[in-house]
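Next come the chains, spelled out residue by residue.
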Amino acid sequence: MQNTSGKTQKFILKLFPEIMIKGSSAKRQMVGQLYNNLLNILERITPNIKVRKFSDKIEVVSPVEVLPEVRRRLLDTSGIEQILEAIQFDDMDTLDKIKVKVGELVIDSLEGKTFVVRAKRSGKHEFSSVEMEQTVGGYLLAHSSAKAVDLKNAEITVRMELIQNQLNLITTKYKGLSGFPIGTQGDILSLMSGGFDSTVASYLTMKRGIKTHFVFFNLGGNAHEIGVKQVALYLWSKFGSSHKVKFISVPFDDVLEEIFRSTPPSYMGVTLKRLMLKASGNIAESMEIDALLTGESVAQVSSQTLRNLAIIDKASDMLILRPLSTMNKPEIMSIANDIGTRHFAEAMPEYCGVISQNPITHGSFKRMEKVAKQFNYDVLDKAVQDAKSIYVHDVVDDVANLKAVEVIQDLKEKKYTVIDIRAEDETIETSCETINIPFHRLKSEFSKLPQDKEYLLYCEKGIMSQLHAQYLRDEYKCENVRVYRPKN
C-alpha cells in the first residue's frame, strides 16, 4: 500500500517504552530532547520538514523527494521504538467518511487475500474503536474481492489511528533503534581503536542516549589515525549527529618505546592498557566527563581476564563502562555487521595484542606495582599534553587526504631492501636484502638508514606495513618506502 495522496509523507514516531514509564518531568525532558535532536538532524536535509511533539509520540511530515534520507535518519535515531508511515486525512468525523476513505486506498490490495482491521482512537467520538474496526472491515469485505476477514492470521492488516477528527492510515511499520535520546544520559569518552570491539561499544552507548566522544592512542602514524577518524566519523554521522562530539588523538609512540625500555615482556600488554586508561582519565577530567568506555570482553585476550582487568582499573579512579564484557566475538561481529562498521574493523590493525611476549593472564597486583614504578611518567604526561582535539564532523578533509601506498608483490628486481616490522625474532626470507626493525622502533631507526635505497615494509597481514609506510612518507617526506605483500 503506497502513499499517492500528495507531496508529503507523515511519520508517527512511537517512543522507547522506558521513556514512557518515567515520571512526568523526566519523560517531558526526554521527549523534548528527542524533538530537538530530530530538528538538528532533519534540518540538514531540508528546512521544509515539519516536526511536532506530543506527550506520547512525535510526528514528522516530510516532502516525498527526500523520503529515503528522512526514513534512514529516523531509523538511526535513538529514543524511537517504532516508526509508522501514515497517510493523513482531516475532517473524518463519521464512520461513513472513514470507511469510504479507507476503501479508496486499500480495496485494490485486498484481492484474493485475508485481512483484518486494527484501529486506535483518542478524543471524543460517538463510536468505539471496535465499532470502527467492524464498520470499516464490513465495508471492505463487501466492496472488495478479499478472501475473508481473519482476526488471527491475516495476510494484510489495515491499521488506523483516529485522533479527534484526524485519520491516520498506517501504510508501513518499522522497528526503530530504541534506547534513550542522545543528550539525556551525559557524556562518555570512548577509547577508540577502530576495531570491532571499540566501535560496537561506542554504538551501544550512543544508542543508550550517551553523548560519546572518542580518544585514540596513535601507535601507527598518520594513516592509522585517519583510519580511526574515518570510523568515528561514520558512527557519528549515522547515530550521533544531533550533537557535536570530539575526537582526541594522543601520540603514543614514545610511550610505547618507554614501555619496551622499562617493562618486562609479560606485563607489556597490561601496562599499555593501564597507561591508556590513565591518560584517558586525565583527558576526561579536563573535558568534565565522568566515565570512560572500553570494548573489552572478559577472557577475549590475555589482558582481559578478570584479574588483569582489575589490575588495569587500578590505574584510574574514573568510572569505566564495558558493555561488551559478557559478549563473545561472533556476537560482537554480528552487531558490527548490522551497523556497518565491520569493513572498517577488518582493515584496522590491533597494536595492543602484538607487544607482549608470553603475556601474563593472571597478573600480580604487587608485581604490577613494582613494574609501574619503573615507568617514566613524564613521557605519558607529555603525550597527553601533545594530544590534539577536533570535532568529529571536521575530520572529512583528513579522511579524503589518505592515499594508499603502492604494494609490491614481485621481488624480481633486486633493488629493494625489505624491512620486516614484526617482532625482533621474526624476519621473512626473500631474494632481496632483508632486515628487521620492529614497528615500534621505525620512528627512531628509519632515519639512520641510507636514503638512496628503496624500502619495502612487510608484516603478516599487510595492514600495519601500509600504515607505517604512510607514516614514514608523511614524517620524512620520502618517496622510497612501499609495501611488500607476497602473492599467496
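This text gives an overview of the structure that appears in the document. This structure is a prediction, so every number in the text was calculated from the model and none was measured.

How each quantity is defined
Residues numbered from 1 in each chain as written. Predicted model: local features only at pLDDT ≥ 70, side-chain atom pairs only at ≥ 80, totals over all residues. Heavy atoms only, no water. Helix = DSSP H or I, 4+ residues; strand = E, 2+ residues; numbered from the N terminus. Buried < 20%, exposed > 50% of the residue type's maximum accessible area, 1.4 Å probe, protein only. Contact = heavy atoms within 4.5 Å. Core = buried A, V, L, I, M, F, W, Y, C linked by side-chain atoms within 4.5 Å. Pairing = 2+ DSSP bridges. Axes fitted to C-alpha atoms, helices over the stretch in contact; angles between N-to-C directions. Arc of directions from axis to C-beta. Salt bridge = Lys/Arg side-chain N within 4 Å of Asp/Glu carboxyl O. Parallel < 35°, antiparallel > 145°, perpendicular 65-115°, else oblique. Left-handed = near helix turned anticlockwise from the far one by under 90°. Nonpolar A, V, L, I, M, F, W, Y, C, P; charged D, E, K, R; others polar. Patch = residues over 30% accessible without salt bridge, like charges linked within 9 Å, V, L, I, M, F, W, Y side chains within 5 Å. Areas by Shrake-Rupley, 256 points an atom, 1.4 Å probe, with all protein chains shown as cover. Lys, Arg positive; Asp, Glu negative; His and termini not counted. Charge placed at Lys NZ, Arg CZ, Asp CG, Glu CD. Phe/Tyr/Trp six-rings, centres within 6.5 Å; stacked < 30°, edge-to-face > 60°. Lys NZ or Arg CZ within 6 Å of the ring centre and 35° of its normal.

Let's talk about the environment of Leu235
- By the element assignment, Leu235 lies in helix α7 (residues 221-240).
- On the basis of relative accessibility, which here comes to 0%, the residue Leu235 falls in the buried class.
- For Leu235 and Thr341, which are 106 residues apart along the polypeptide, the C-alpha to C-alpha distance reads 8.0 Å.
- In this view, Leu235 contacts Met192, Thr199, Ser202, Tyr203, Met206, Phe214, Gly240, Ile339 and Thr341; residues no more than four positions away in its chain are not counted.

A word on the nonpolar core
- By size, the foremost hydrophobic cluster in this structure holds 51 residues, and its most contacted members are Phe252 and Ile419.
- With nine residues, helix α9 (residues 268-286) is the largest single contributor of residues to this core.
- Contacts of Ile419, omitting those with residues within four sequence positions, involve Ile435, Ile437, Leu442, Phe446, Leu449, Tyr455, Leu456, Leu457 and Tyr458.
- Counting residues in each nonpolar core, the second largest holds 33 residues, with Leu177, Val200, Leu293 and Val395 among its members.

Examining the pairing of strand β19 (residues 481-484)
- What you see with β19 is no split at all: Val481 and Val483 on one side and Arg482 and Tyr484 on the other are buried throughout.
- Taken together, the two bridges between strand β15 (residues 407-408) and β19 define a ladder with parallel strand orientation. Within β19, the position partnered with Val407 by the bridge is Val483.
- When strand β18 (residues 454-458) meets β19, the two strands line up parallel, connected through three bridges. The residue of β19 that forms the bridge with Leu456 is Arg482.

Things to note about the pairing of strand β5 (residues 114-122)
- Direction of pairing for β5 relative to strand β6 (residues 148-149): parallel, over a ladder of two bridges. Its bridge partner lying in β6, Thr114 is registered against Ala148.
- Direction of pairing for β5 relative to strand β7 (residues 156-163): parallel, over a ladder of eight bridges. If you follow Phe115 over to β7, its bridge partner there is Ile156.

Observations concerning the side chain of Ser241
- Its place among the elements puts Ser241 in the loop between α7 and β11 (246-251).
- Taking relative accessible area as the criterion, Ser241 reaches 5% and is therefore assigned buried.
- Excluding its chain neighbours within four sequence positions, the residues that come into contact with Ser241 are Ile41, Arg44, Arg73 and Trp236.

So, the sheet that holds strand β1 (residues 8-15)
- On the basis of which strands lie adjacent, the open sheet formed by eight strands has the order β2-β3-β1-β4-β8-β7-β5-β6 and mixed pairing. With one partner strand each, in any of the chains shown, β2 (50-53) and β6 form the two edges of the open sheet.
- Contacts between helix α3 (residues 67-75) and the sheet are confined to β1, β3 (57-63), β4 (80-89) and β8 (166-178), with β1 contributing the most and set at about 5° to the helix.

Observations regarding α3
- Residues of α3 that are buried: Leu67, Val70, Arg73 and Leu74. All buried residues of α3 project into a common sector of 130° when viewed along the axis, lining one side.
- If you follow the buried residues of α3, they end up packed against β1, α2 (24-42), β3, β4 and α7.

Things to note about unusual backbone geometry
- In this structure, Ser178 is a non-glycine residue whose phi angle is positive, near 65°.
- As for its placement among the helices and strands, Ser178 is situated in strand β8.
- In this model, Ala299 sits at a positive phi of 70°, which is unusual for a non-glycine residue.
- Checked against the element boundaries, Ala299 lands in the loop between β12 (291-293) and α10 (306-313).

With respect to the pattern of salt bridges
- Using the criterion set out here, one finds 25 salt bridges in the structure.
- Here Glu69 and Arg73 are joined by a salt bridge, their closest N and O atoms 3.2 Å apart. Linking Glu69 with Arg73, this pair stays in helix α3, spanning four residues, or about one helical turn.
- Residue classification places Glu69 among the partly exposed residues on the basis of a relative accessible area of 26%.
- Of the residues examined, Arg73 reaches a relative accessible area of 18% and is grouped as buried.
- Residue Arg322 pairs with Glu296 through a salt bridge whose shortest N-O separation is 2.5 Å. Within this pair, whereas Arg322 is found in the loop between β13 (319-321) and α11 (329-339), its partner Glu296 is found in the loop between β12 and α10, the two being separated by 26 residues in sequence. Glu296 matches Arg322 in its accessibility class, with the two residues each being buried.

Overview of the sheet that holds strand β17 (residues 433-436)
- One open sheet accounts for five strands, arranged β15-β19-β18-β16-β17; its pairing is parallel. Two strands close off the open sheet at either side, each with one partner strand: β15 and β17.

Quick look at the packing of α9 against helix α13 (residues 365-373)
- Where α9 meets α13, the closest approach of the two axes is 11 Å, and the angle between their N-to-C directions is 70°. Comparing their axes, α13 and α9 come out roughly perpendicular. The two elements α9 and α13 meet at a crossing, and its hand is right-handed. Mapping the contact onto sequence places Val270, Thr271 and Arg274 in α9 and Met368, Val371 and Ala372 in α13.
- Residues belonging to the contact of α9 with α13 are distributed by class as follows: four nonpolar, one polar and one charged.

Description of a positive patch on the surface
- A cluster of basic residues, Arg118, Lys120, Arg159 and Lys173, forms a positive patch on the protein surface.
- Counting through the fold element by element, Arg159 comes out in strand β7.
- Given a relative accessible area of 31%, Arg159 falls into the partly exposed group.

Concerning the packing of aromatic side chains
- For the structure shown, the criterion picks out eight aromatic pairs.
- Residues Phe446 and Tyr455 carry aromatic rings whose centres are separated by 5.5 Å and whose planes lie at 70° to one another, so their mutual orientation is edge-to-face.
- On the accessibility criterion, Phe446 (0% relative accessible area) is buried.
- Looking at Tyr455, the relative accessible area reads 2%, which means it is buried.
- Sitting over the ring of Phe54, Lys57 keeps its end group 5.2 Å from the ring centre.
- The positively charged end of Lys244 is found above the aromatic ring belonging to Tyr391, 5.5 Å away from the centroid.

Geometry only, nothing functional implied.
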